[in-house]
Amino acid sequence: GTGNITTKEGVPTLIHLPNNASCKRLETSYSYAGCITSNNDTYLWGLNDRHQLGDGNTTNSATPVNLTLPYGLKCSSLTLAGQTAACLTTTGLIMMWGYDLGSTPVQKVPFLCTPLLLHLRLFHLAALNGKPLKG
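These numbers were taken from a predicted model, which means no experiment stands behind them.

1. With respect to the side chain of Thr-42
No. 1: For Thr-42, the location among the structural elements is in strand 3 (residues 42–46).
No. 2: Assessed through its relative accessible area of 3%, Thr-42 is described here as buried.
No. 3: Once residues within four sequence positions are removed from consideration, Thr-42 is found in contact with Cys-35, Ile-36, Val-65, Asn-66, Leu-67, Cys-75 and Leu-78.

Rendered as structure tokens:
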């Protein structure tokens, strides 16, 4: 969140979200982090070599990048596991992006560059916490 991705921060660092938004949920992985704001906007920052930030490219970002879900959907919860990310939307749908590891039953591709709607039941989202989803 400091704008510098070449050095590691050894002390807590203040993250500045756009429009002075406040974070209501924070999630971290070893190479990137994410936040859901009070109005359910989702921001991600960090490494993006495996499309972890879900913005369609592989450009790393030291500052928060807004995650845009299709159909105007918004995240209510977020899970970051390794280089794979998923969110539960406010309407109860599950979206997934990042390094797929063949875990989505919808399509077997190595990378999901932007969020993909999955046709799974809610309990599968919990499986992402440290393990890939199983079809």
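2. Some words on the packing of aromatic side chains
To describe a pair of aromatic rings, one takes the distance between the centres and the angle between the planes.
No. 1: Under the defined criterion, the tally for this structure stands at zero aromatic pairs.
No. 2: A cation over a ring is seen here: Arg-50 above Tyr-99, with NZ or CZ 4.6 Å from the ring centre.

3. Regarding the sheet that holds strand 5 (residues 75–81)
Pairing between the strands of a sheet comes from backbone hydrogen bonds, and it takes one of two forms, parallel or antiparallel.
No. 1: Read across the open sheet, the four strands follow the order 5-6-7-8; overall the sheet is antiparallel. Unpaired on one side and paired on the other, strand 5 and strand 8 (111–118) mark the two borders of the sheet. Each neighbouring strand pair of the sheet contributes to a mean axis angle of 15 degrees, computed without reference to strand direction.

4. Topic: the state of the cysteines
No. 1: A complete count under the given rule lists one disulfide for this structure.
No. 2: Between the sulfur of Cys-23 and that of Cys-35 lies a disulfide, 2.3 Å long from S to S. Residue Cys-23 is found in strand 1 (residues 23–28), and its partner Cys-35 is found in strand 2 (residues 32–37); the two are separated by twelve residues along the sequence.
No. 3: For Cys-35, a relative accessible area of 1% gives the class buried.

5. What about the pairing of strand 5?
Looking along a regular strand, one sees the side chains alternate between the two faces of the sheet.
No. 1: Most of strand 5 is tucked away: six of the seven residues are buried.
No. 2: As judged from the six bridges shared by strand 5 and strand 6 (residues 84–89), these two strands associate in the antiparallel manner. Looking across to strand 6, one finds that Leu-78 is bridged to Cys-87.
No. 3: Hairpin connection of strand 5 to strand 6: two residues between the antiparallel strands, including Gly-82 at a positive phi of 60 degrees.

6. Structural notes on the sheet that holds strand 4 (residues 61–67)
No. 1: In space, the four strands of this open sheet follow the order 1-2-3-4, with antiparallel pairing throughout. If you trace the sheet from one side to the other, it starts and ends with strand 1 and strand 4, each paired once. Averaged over neighbouring strand pairs, the angle between their axes works out to 20 degrees when direction is ignored.
No. 2: Here strand 3 runs beside strand 4; their pairing, made up of four bridges, is antiparallel. When the bridges of strand 4 are listed, Thr-42 appears paired with Leu-67.

How each quantity is defined
Residues numbered from 1 in each chain as written. Predicted model: local features only at pLDDT ≥ 70, side-chain atom pairs only at ≥ 80, totals over all residues. Heavy atoms only, no water. Helix = DSSP H or I, 4+ residues; strand = E, 2+ residues; numbered from the N terminus. Buried < 20%, exposed > 50% of the residue type's maximum accessible area, 1.4 Å probe, protein only. Contact = heavy atoms within 4.5 Å. Phe/Tyr/Trp six-rings, centres within 6.5 Å; stacked < 30°, edge-to-face > 60°. Lys NZ or Arg CZ within 6 Å of the ring centre and 35° of its normal. Pairing = 2+ DSSP bridges. Axes fitted to C-alpha atoms, helices over the stretch in contact; angles between N-to-C directions. Disulfide = S-S within 2.5 Å.

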